[in-house]
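A look at the structure
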Amino acid sequence: MCNIVKDVSKPSCVSGATRGFVSIGLAGIAALASLGCDDGGPRVPARVIVSPDVVLVGSVGVTEQFEAHVVDADGALIPGAAVSWSSSDESVADIDPVGGRATAVGAGIATITATAEPASGRATFEVFLAEVTDYVPGQSYYGRRQYTEYIAGELPIVLSAPHGGYELPEEIADRTWGVVLQDRRTQELARTIGAAIYERTGGYPHVIICRLHRSKLDANREIGEAAQGNVYGEWAWSEYHSFIETAKAAVAEQYARGLYLDLHGHGHEIQRLELGYLLSASDLELSDAELGQPIYVNKSSIRTLAQEADAGFVALVRGPLSLGGLLDARGFPSLPSPAYPDPGGHPYYTGGYNTARHGSRQGGPISGVQVEANWDGVRDNLSHREAFAAALAAALETYMIEHFGIAITGSARALADR
């Protein structure tokens, strides 16, 4: 009587940043194993299922243990079947022909083949080695397959655009849950803002763009919802946030503190900017005295700035020299601001994953704001995007000197006397 293994599935694993992400495609193995088998002599392998089916690593010397599951023509597992292993490119991945352990050797893609005569199965082993370079302000740098782009900067301003991408690669499956709609023209708006800041100040902000369509990756969610288990999506997500961390570290080293803006586009009926500080609509409905209490300061994405700046917390959120106040004064209605201190019962975006992760709610020198741009008059055409970008650049010039004590205009761009 033959033994049938009922369940040989095992969970996906991630072994660290240098190793990358591993996806194990064993769906259906248990179903195959539950089928009957023939007692009449040796069974002939009909199929070999290799797991993990995709391995993507970021450095040489990393190893990965592959496993082969051999089944016969009836779909039943053949325990103990002899398997030999080979690599299509040993300059990329070397593999133990008996044990199935592969080692990353160099950049590239290799096919790993497990053979149980006369059947065989395959997996992909990719080694992506990121370029090690000194970033030049104003130059673009890319992650794997250019799914992520980092335009290096020199100012204490970091701008990211997670939802304006267009790329729809087949290797990344469509996300099956969560929001998948693109924030229209936010990638273009981010680039226009970067250009406007340079034109006004002579310095480049740091700009990070996710070039993948949101149906493939949502870079403003935690990795589970963002990539939904796709190895290549997880890699792009990690690159995107790594570029932001790189930019923040550069800002902290040069200026000791700085501002992070996460750019989005909203579809709400009221055409005004929505600035998210991780404060809810009900928080903003509080009086100034109530909103200024430590509980609200500490939950905000500008916690560090509020603790260090001369202006009080409420003034930073909705005073005349708040970001909303400065933009509203330049013709772009903004919430919160003196004109719109709270949502007034209307929909409002408070700030999402990126603002919470890269702002200063948990401490750190970089404070953050989510910028939700309305369509009419801001994103809808080039002239409006340019006008808004110019207004934002002017507002940031004032905002940075008033609240951070940093002059971003001129060749010095040094700490100003306070």
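Now for a description of the structure that goes with this document. Because the structure is a prediction, the values reported are computed rather than measured. (Residues numbered from 1 in each chain as written. Predicted model: local features only at pLDDT ≥ 70, side-chain atom pairs only at ≥ 80, totals over all residues. Heavy atoms only, no water.)

Side note on the overall build of the protein chain
What the protein chain contains, in helices and strands, is 13 helices and 19 strands. For the protein chain, the residues scored as buried account for 51% of the 418 residues in total. Partitioning the contacts of the protein chain with sequence separation of at least 6, the portion at a separation of at least 24 is 68%. A total of about 17,400 Å² of accessible surface is found on the protein chain, and carbon and sulfur atoms cover 51% of it. (Helix = DSSP H or I, 4+ residues; strand = E, 2+ residues; numbered from the N terminus. Buried < 20%, exposed > 50% of the residue type's maximum accessible area, 1.4 Å probe, protein only. Contact = heavy atoms within 4.5 Å. Areas by Shrake-Rupley, 256 points an atom, 1.4 Å probe, with all protein chains shown as cover.)

Observations concerning helix α4 (residues 231-255)
In a regular helix each residue adds 1.5 Å, so 25 residues correspond to 36 Å; α4 covers 36 Å between its end C-alpha atoms and thus fits that length. One side-chain oxygen at the N-terminal end of α4 lies 2.9 Å from the backbone nitrogen of Y232; it belongs to N230. Of the residues one or two after α4, A256 is the one with positive phi, at around 75°. (Expected span 1.5 Å × (residues − 1). Polar contact = N/O pair within 3.5 Å; in protein donor to acceptor, adjacent residues only side chain to side chain.)

Notes on the sheet that holds strand β18 (residues 334-335)
If you trace the eight strands from one edge of the open sheet to the other, you get β12-β13-β15-β14-β16-β19-β17-β18, paired in mixed fashion. On the outer flanks of this sheet lie β12 (140-142) and β18, each paired with one strand and no other. The sheet contact formed by strand β17 (residues 273-276) and strand β19 (residues 366-373) spans three bridges and is antiparallel. Along β19, the bridge assignment pairs E274 with E372. The sheet strands contacting helix α2 (residues 186-201) are β13 (148-151), β14 (157-161), β15 (206-210), β16 (258-265) and β19, and the helix crosses β16 at an angle near 145°. (Pairing = 2+ DSSP bridges. Axes fitted to C-alpha atoms, helices over the stretch in contact; angles between N-to-C directions.)

Describing the side chain of T148
Within the element layout of this structure, T148 appears in strand β13. Of note is the side chain of T148, whose polar atom sits 3.4 Å from the side chain of E239.

Some words on the packing of aromatic side chains
According to the stated counting rule, one finds 10 aromatic pairs in the structure shown. Arranged with centres 4.1 Å apart and planes meeting at 15°, the rings of Y198 and Y204 form a pair that is stacked. Aromatic pair W237 and Y353: ring centres 6.2 Å apart, planes at 45°, arrangement tilted. With W237 in helix α4 and Y353 in helix α11 (residues 353-358), this residue pair connects regions lying 116 residues apart in the sequence. Residue classification places Y353 among the partly exposed positions, given a relative accessible area of 24%. Here the basic side chain of R184 rests over the ring of W375, its NZ or CZ set 3.8 Å away from the ring centre. (Phe/Tyr/Trp six-rings, centres within 6.5 Å; stacked < 30°, edge-to-face > 60°. Lys NZ or Arg CZ within 6 Å of the ring centre and 35° of its normal.)

A closer look at the pattern of salt bridges
In the structure shown here, the tally under the stated rule is 16 salt bridges. Here E171 and R145 are joined by a salt bridge, their closest N and O atoms 3.0 Å apart. Of this pair, E171 sits in the loop between β14 and α2 while R145 is found in the loop between β12 and β13, placing the two residues 26 residues apart along the sequence. A relative accessible area of 48% means that R145 is categorised as partly exposed. The structure contains a network of salt bridges with shared partners spanning D183, R214, D218, R221 and E225. (Salt bridge = Lys/Arg side-chain N within 4 Å of Asp/Glu carboxyl O.)

Focus on the pairing of strand β3 (residues 47-51)
For β3, the tally of buried residues reaches four of five residues, placing the bulk of the element in the interior. Note that β3 and strand β6 (residues 67-71) share five bridges and pair antiparallel. Note on β6: the bridge partner recorded for I49 is H69.

Some thoughts on the side chain of K216
Mapped onto the elements, K216 comes out in the loop between β15 and α3 (223-227). Leaving out residues up to four positions away in the same chain, K216 has contacts with E167, L168, P169, I172, A173, D174, R175 and A226.

Describing the sheet that holds strand β8 (residues 93-95)
What links the strands of a sheet is backbone hydrogen bonding, and the strands pair in either a parallel or an antiparallel sense. With respect to topology, three strands assemble into an open sheet ordered β5-β9-β8, the strand pairing being antiparallel. Only two strands of the sheet have a single neighbouring strand rather than two, namely β5 (63-65) and β8. Averaged over all adjacent pairs, the angle separating strand axes in this sheet is 25°, with direction ignored.

Let's talk about the packing of α2 against helix α13 (residues 382-404)
Contact pair α2 / α13: the axes reach a minimum separation of 8 Å and the direction vectors enclose 50°. One element, α2, and the other, α13, form an angle in the oblique class. For α2 against α13, the interelement crossing comes out right-handed. Here α2 contributes E188, L189, T192, I193, A196, I197 and R200 to the contact with α13, which in turn contributes R385, E386, F388, A389, A390, L392, A393, A394, L396 and E397. For the contact of α2 with α13, the class distribution of residues is 11 nonpolar, one polar and five charged. (Parallel < 35°, antiparallel > 145°, perpendicular 65-115°, else oblique. Left-handed = near helix turned anticlockwise from the far one by under 90°. Nonpolar A, V, L, I, M, F, W, Y, C, P; charged D, E, K, R; others polar.)

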